[in-house]
Amino acid sequence: MSRMGDVLAGFHAAWEFESDSVLIRYERGIRTPKLFHALGERRVPLEAIAGVTLTRGKRGTVVLRVEPRPGADPLMEAAAGQLKESGDPYRLVLPAEREVLAEYYADELRPLLTESGPADRFLVKAPEGPLSFKAYDGKATFDGRTVNFRWFWTGASSAKWKAGDQSFSVGELNGVEWRSPEVFEGHLRLLRRDAEASAAQADQDPAAVVFGLGYGPVHESLPFAAAVLAAVRTSSPVAAVPAPRRDPADIAERIRHLGELHQAGLVTDEEFSVKKAELLAEL
């Protein structure tokens, strides 16, 4: 670049061009996408960028965009092409009168992009934990090593109540499947190393949480998925971490709900007895 530290400011972000990277700082305005708020800022190494484009945008704007290499950014890998254009963290929207300046920076950047094709590792830093969000049927938490799903009695299916709260170390996982909450059947599913791909609906799979209106929004669930995916890629298989002892009040509430499922005929006598014994053993 001509001068390290040059800054190009757009409507929702400012890009600082450095000798080996582009530092993207997102604004926190009320019209800025919430995903950008959650990301804060991202440093994108030049080796993570495959190309740069400048196109005409809507309503008197131009759009400068860098194209990340496949496999370079855990956020984009988890998103799998499901982000709306307005939520693309690699677009910088500028007034049309700044087109010449944007073209200048694009021309300066292109000769520095020497890598192409899929990256063999993540080059852009994943969102940092601990992270958590509320899905429709449970709360998901991630501390950097373990993903926990705690079911809500108001939303979780009987299949998930039978299975109980879930805990997965990243060493047990092979990947993450994120389906945007903005489409039908949005969910976050954990893909386990020792299990075949699940054919079950997400609301019946104990390794998945279901999104819904106001539950698992993009700005919470996508950074979560990206952080888990990055941890999985850098981990080696390890033994599962035993679940901690439960709160007695919580156990009592779960037994009560299990009894309601039993009375409604959704749980057999044998299933009720087995699950009740498991819950009592957690005390």
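Here the structure is shown first, and the text comes after it.
Note on numbering: residues in each chain are counted from 1, in written sequence order. It should be noted that, the model being predicted, local features are given only for residues of pLDDT at least 70 and side-chain atom pairs only at 80 or more, the latter also being counted only at that level, while totals for whole chains, interfaces and linings use all residues. No hydrogens and no water enter the side-chain calculation; it runs on all heavy atoms of the structure.

Trainee: Tell me what's going on with the overall build of the protein, and back it up with residues and numbers.
Mentor: The helix count covers DSSP runs of H or I at least four residues long, the strand count covers runs of E at least two residues long, and both are numbered beginning at the N terminus. Across its full length, the protein carries seven helices and 14 strands. Based on the C-alpha atoms only, the size of the protein along its principal axes is roughly 75 × 40 × 30 Å. Exposure is judged per residue with a 1.4 Å probe applied to protein chains only, and the accessible area is read against the type maximum: over 50% gives exposed, under 20% gives buried, and values in between give partly exposed. Looking at the protein as a whole, 44% of its 283 residues qualify as buried. Whether two residues are in contact is decided by their heavy atoms, any of which lying within 4.5 Å being enough. Intrachain contacts of the protein at a sequence separation of at least 6 include 59% that bridge at least 24 residues. What sets the accessible areas is the Shrake-Rupley method with a 1.4 Å probe; for residues, cover comes only from the shown protein chains. When the accessible area of the protein is evaluated, it comes to approximately 14,800 Å², of which 52% is carbon and sulfur surface. As used throughout, the charge tally considers Lys and Arg to be positive and Asp and Glu to be negative, leaving His and the chain termini uncounted. Lys charges are placed at NZ, Arg charges at CZ, Asp charges at CG and Glu charges at CD. Charge-centre separation for the protein: the mean point of 35 positive side chains lies 3 Å from the mean point of 41 negative side chains.

Trainee: Could you give me a rundown of helix α5 (residues 218–233), with the residues and numbers involved?
Mentor: The terminal C-alpha atoms of α5 lie 22 Å apart, and with 16 residues this matches the ideal 22 Å at 1.5 Å per residue to within 8%. Counting buried residues along α5, 13 of its 16 residues qualify, which places the element largely inside the surrounding structure. What a helix is expected to span follows from its residue count: subtract one and scale by 1.5 Å.

Trainee: Report on the side chain of Arg42, specifying residues and quantitative values.
Mentor: Here Arg42 lies in strand β4 (residues 41–45). For Arg42, a relative accessible area of 6% corresponds to the buried category. By the criterion applied in these results, polar contacts are pairs of N or O atoms within 3.5 Å in which, for protein atoms, one can donate a hydrogen and the other can accept it, and in which residues neighboring in sequence qualify only through two side-chain atoms. A distance of 2.7 Å separates the side chain of Arg42 from the side chain of Asp73, its partner in a polar contact. Excluding its chain neighbours within four sequence positions, the residues that come into contact with Arg42 are Val22, Leu23, Ile24, Tyr26, Asp73, Leu75, Tyr90, Val124 and Lys125.

Trainee: An account of the nonpolar core is requested, with residue identities and associated values reported.
Mentor: Nonpolar side chains in soluble globular proteins generally cluster together in the buried interior. Ranked by size, the top nonpolar core spans 67 residues in total, and within it Trp15, Leu64, Leu188, Phe224 and Val228 carry the most contacts. Setting aside chain neighbours within four positions, we find Leu188 in contact with Phe133, Val176, Glu177, Trp178, Ala207, Ala208, Val209, Phe211, Phe224 and Ala225. Within this scheme, the nonpolar core is defined by two criteria: the residues are buried Ala, Val, Leu, Ile, Met, Phe, Trp, Tyr or Cys, and they are joined through side-chain atoms within 4.5 Å. Listed in part, the five residues of the second largest apolar core include Ile251, Ile255, Phe272 and Leu279.

Trainee: Quick one: what's the story with the sheet that holds strand β12 (residues 173–179), residue by residue and with numbers?
Mentor: Strands are treated as partners if at least two bridges between them are detected by DSSP. Strand order in the open sheet formed by three strands is β12-β13-β14, with antiparallel pairing between adjacent strands. Both outer strands of the open sheet, β12 and β14 (208–210), are each paired with one neighbouring strand and no more. Between one strand axis and the next, the sheet turns through 10° on average, direction left out of account. Strands β12 and β13 (187–192) of the sheet are contacted by α5, whose axis makes an angle of about 160° with β12. As a rule, the C-alpha atoms of each element are fitted with a line to give its axis, helices using only the stretch in contact, and angles between N-to-C directions run from 0 to 180 degrees.

Trainee: Tell me what's going on with the pattern of salt bridges, and back it up with residues and numbers.
Mentor: Side chains carrying opposite charge are able to pair once their charged atoms draw close together. Here, a salt bridge means any Lys or Arg side-chain nitrogen found within 4 Å of an Asp or Glu carboxyl oxygen. For the coordinates displayed, the defined rule picks out 18 salt bridges. With a shortest N-O distance of 4.0 Å, Glu47 and Arg121 are connected by a salt bridge. Residue Glu47 is located in the loop between β4 and β5 (49–56), and its partner Arg121 is located in the loop between α3 (99–109) and β8 (131–134); the two are separated by 74 residues in the primary sequence. On the basis of relative accessibility, which here comes to 36%, the residue Glu47 falls in the partly exposed class. Linking Asp120 and Arg121 is a salt bridge whose minimum nitrogen-to-oxygen distance equals 3.4 Å. Overall, the relative accessible area of 71% leaves Asp120 in the exposed class.

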